[in-house]
Amino acid sequence: MESMNHGIGVDIAFLLLATLAVVTAWRVFRTDSMVRASFFLLVSFIAVGVIMILLAAEYLGVAMFFMMAVEMTVMALFMVMFMMNPAGLNPMNMVHQERISIGAGVVSFLVLSAMALLAVFPDRPVSAGLDPVRSLGNEMLGDSMLIFESAGLVLLTTMIGVVVLSSHRGRYGAATEGSLPPGLEPGGDPAGKPEDDEDGGHHHHHH
């Protein structure tokens, strides 16, 4: 019974954060901008991180903040660099194979809900004097340090390789072939192109 005496404020915060996490996760698939989708996903993960802090998992919550903030920001930058429609200038559908996606989402929700309601979780409280952050640090910097360092090096190498292999292409095609952004309407003028660019280029050639 002592674990239930946390006050009504915690319950209200949990409900608000859970609602925020679900709504922003839903908005990821409803927005027509991949950059906005990245930041909606970031907000959803931050809400989950705060819920972890409410559950007395402070280290996991703060780690979620740092990890997701960096990951979603890098993903948004990659969207701007390499995607055709990073800012939502042209409407696009963020959901592919819609029926399969809906089916997979419903099945996953039912399975996870059944696990949360029906599973018998272990009840093995740790001693009051145990420092979870110190224990996790000893594990990461002890026997498992080589694994974490190797994974970090592989991820960094992969990011560098992706940039190198993609650098010859711009956001709208091969940069060496004078590629242009798509129009806001089918067959329309390229989006964001100044009207006097073409004239200015002709004047330059005439001189």
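The rules behind the values
- Residues numbered from 1 in each chain as written.
- Predicted model: local features only at pLDDT ≥ 70, side-chain atom pairs only at ≥ 80, totals over all residues.
- Heavy atoms only, no water.
- Helix = DSSP H or I, 4+ residues; strand = E, 2+ residues; numbered from the N terminus.
- Buried < 20%, exposed > 50% of the residue type's maximum accessible area, 1.4 Å probe, protein only.
- Areas by Shrake-Rupley, 256 points an atom, 1.4 Å probe, with all protein chains shown as cover.
- Axes fitted to C-alpha atoms, helices over the stretch in contact; angles between N-to-C directions.
- Parallel < 35°, antiparallel > 145°, perpendicular 65-115°, else oblique.
- Left-handed = near helix turned anticlockwise from the far one by under 90°.
- Contact = heavy atoms within 4.5 Å.
- Nonpolar A, V, L, I, M, F, W, Y, C, P; charged D, E, K, R; others polar.
- UniProt positions renumbered as here; feature names shortened; annotations may be inferred.
- Patch = residues over 30% accessible without salt bridge, like charges linked within 9 Å, V, L, I, M, F, W, Y side chains within 5 Å.
- Salt bridge = Lys/Arg side-chain N within 4 Å of Asp/Glu carboxyl O.

Caption draft 1: Representation of the overall build of the chain. The helix and strand inventory of the chain stands at seven helices and two strands. Ordering the α and β elements of the chain from the N terminus gives α-α-α-α-α-α-β-β-α. Buried residues in the chain amount to 16% of all 207 residues. For the chain, the accessible area works out to roughly 16,000 Å², and carbon and sulfur atoms hold 69% of it.

Caption draft 2: Summary view of the packing of helix H1 (residues 8-28) against helix H2 (residues 34-54). The interhelical angle for the contact between H1 and H2, taken along N-to-C directions, is 155°, at an axis separation of 8 Å. If you check the angle between H1 and H2, you find them roughly antiparallel. Both H1 and H2 take part in a crossing whose hand is left-handed. Counting all contacts with H1, which are made through Val10, Ala13, Phe14, Leu17, Ala18, Leu20, Ala21, Thr24, Ala25, Arg27 and Val28, the residues of H2 involved are Ala37, Phe40, Leu41, Val43, Ser44, Ala47, Val48, Val50, Ile51 and Leu54. Counted by class, the contact of H1 with H2 contains 18 nonpolar, two polar and one charged residues.

Caption draft 3: Structural context of the UniProt feature "transmembrane region" (unreviewed entry) in the chain. Those places that UniProt annotates as "transmembrane region" (unreviewed entry) correspond, in this numbering, to residues 6-26, 38-57, 63-82, 102-121 and 141-165. Across residues 38-57 one finds 85% helix and 0% strand; the C-alpha atoms that close the span lie 25 Å apart. Taken end to end, residues 141-165 has its terminal C-alpha atoms 34 Å apart, with 84% of it in helix and 0% in strand.

Caption draft 4: Focus on the environment of Leu17. Note on placement: Leu17 falls in helix H1. Separated by 30 residues in the primary sequence, Leu17 and Ala47 have C-alpha atoms spaced 5.3 Å apart. Beyond its immediate stretch of four places on either side in the chain, Leu17 contacts Ala47, Val50, Ile51 and Leu54.

Caption draft 5: Looking closely at the environment of Gly61. Inspection of the secondary structure assignment puts Gly61 in helix H3 (residues 58-82). Placed 16 residues apart in sequence, Gly61 and Phe45 show a C-alpha to C-alpha distance of 9.6 Å. Setting aside residues no more than four positions away along its own chain, Gly61 makes contact with Gly49, Met52 and Ile53.

Caption draft 6: Quick peek at unusual backbone geometry. One non-glycine residue, Ala56, lies in the positive phi region at around 70°. Judged by its relative accessible area of 56%, Ala56 falls in the exposed class.

Caption draft 7: Here's a closer look at a nonpolar patch on the surface. A cluster of nonpolar side chains, contributed by Tyr59, Leu60, Val133 and Leu136, occupies part of the molecular surface with about 330 Å² of accessible area. Among the secondary structure elements, those contributing two or more residues to the nonpolar patch are H3 and helix H5 (132-140). One can find Leu136 in helix H5.

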